[in-house]
Amino acid sequence: QVQLVESGGGLVQAGGSLRLSCAASGIPFTINTMGWYRQAPGKQRELVAVINRGGSTSYAESVKGRFTISRDNAKNTVYLQMYSLKPEDTAAYYCKCSGTYYYQNYWGQGTQVTVSS
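Let us look at the structure shown here. (Residues numbered from 1 in each chain as written. Predicted model: local features only at pLDDT ≥ 70, side-chain atom pairs only at ≥ 80, totals over all residues. Heavy atoms only, no water.)

### So, the packing of aromatic side chains
Phase 1 of the analysis: One pass over the full model with this rule turns up 4 aromatic pairs.
Phase 2 of the analysis: Centroid distance phenylalanine 29 to tyrosine 106: 5.8 Å. Interplanar angle 10 degrees. Geometry classified as stacked. You can see phenylalanine 29 sitting in the loop between strand S3 (18-25) and strand S4 (33-39) and its partner tyrosine 106 sitting in strand S10 (residues 105-107), a full 77 residues away along the chain.
Phase 3 of the analysis: Phenylalanine 29 gets classed as buried once you look at its relative accessible area, which sits at 14%. (Phe/Tyr/Trp six-rings, centres within 6.5 Å; stacked < 30°, edge-to-face > 60°. Helix = DSSP H or I, 4+ residues; strand = E, 2+ residues; numbered from the N terminus. Buried < 20%, exposed > 50% of the residue type's maximum accessible area, 1.4 Å probe, protein only.)

So this is what it looks like as structure tokens:
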């Protein structure tokens, strides 16, 4: 049974920090890329950060310097450390894991991050 279990979301004041975790299990392929995406009400889902198996990372411009993505390959777990949170970071955050082929993708159920001003 495939599971991507996210945790760590919540309510925080502007300038605060949160750490998201996503643990994948039952994935029927070798996970290459793991990433975090977010979707605010009325907006499209957007990429926040991704990391490949070798540790190379990529970030959305809006979070560069504030967010750090990392992963533990042995645990199939990806993390998103978020600092200096802003109200515009408020969204549902989803983790995604991908294999080698374009159809090898699984999404988590999402965790809500709310930043108050």
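### Details of the environment of arginine 19
Phase 1 of the analysis: Topologically, arginine 19 is positioned in strand S3.
Phase 2 of the analysis: Sequence-wise, arginine 19 and glutamine 1 are 18 residues apart; in three dimensions their C-alpha atoms are separated by 26 Å.
Phase 3 of the analysis: Leave out the neighbours within four places in its chain, and arginine 19 touches Ser7, Gly8, Tyr79, Leu80 and Gln81. (Contact = heavy atoms within 4.5 Å.)

### Description of the pattern of salt bridges
Phase 1 of the analysis: Here the structure, examined in full by the defined rule, presents 4 salt bridges.
Phase 2 of the analysis: Between arginine 38 and glutamate 46 there is a salt bridge, and its shortest N-O distance comes to 2.7 Å.
Phase 3 of the analysis: Taking the relative accessible area as the measure of exposure, arginine 38 reaches 6% and is therefore buried.
Phase 4 of the analysis: Glutamate 46 gets classed as partly exposed once you look at its relative accessible area, which sits at 37%.
Phase 5 of the analysis: Salt-bridge contacts for lysine 64 lead to glutamate 61; the nearest nitrogen and oxygen are separated by 2.7 Å.
Phase 6 of the analysis: For lysine 64, a relative accessible area of 45% translates into the label partly exposed.
Phase 7 of the analysis: Linked by salt bridges that have partners in common, Arg38, Glu46, Arg66 and Asp89 make up one network. (Salt bridge = Lys/Arg side-chain N within 4 Å of Asp/Glu carboxyl O.)

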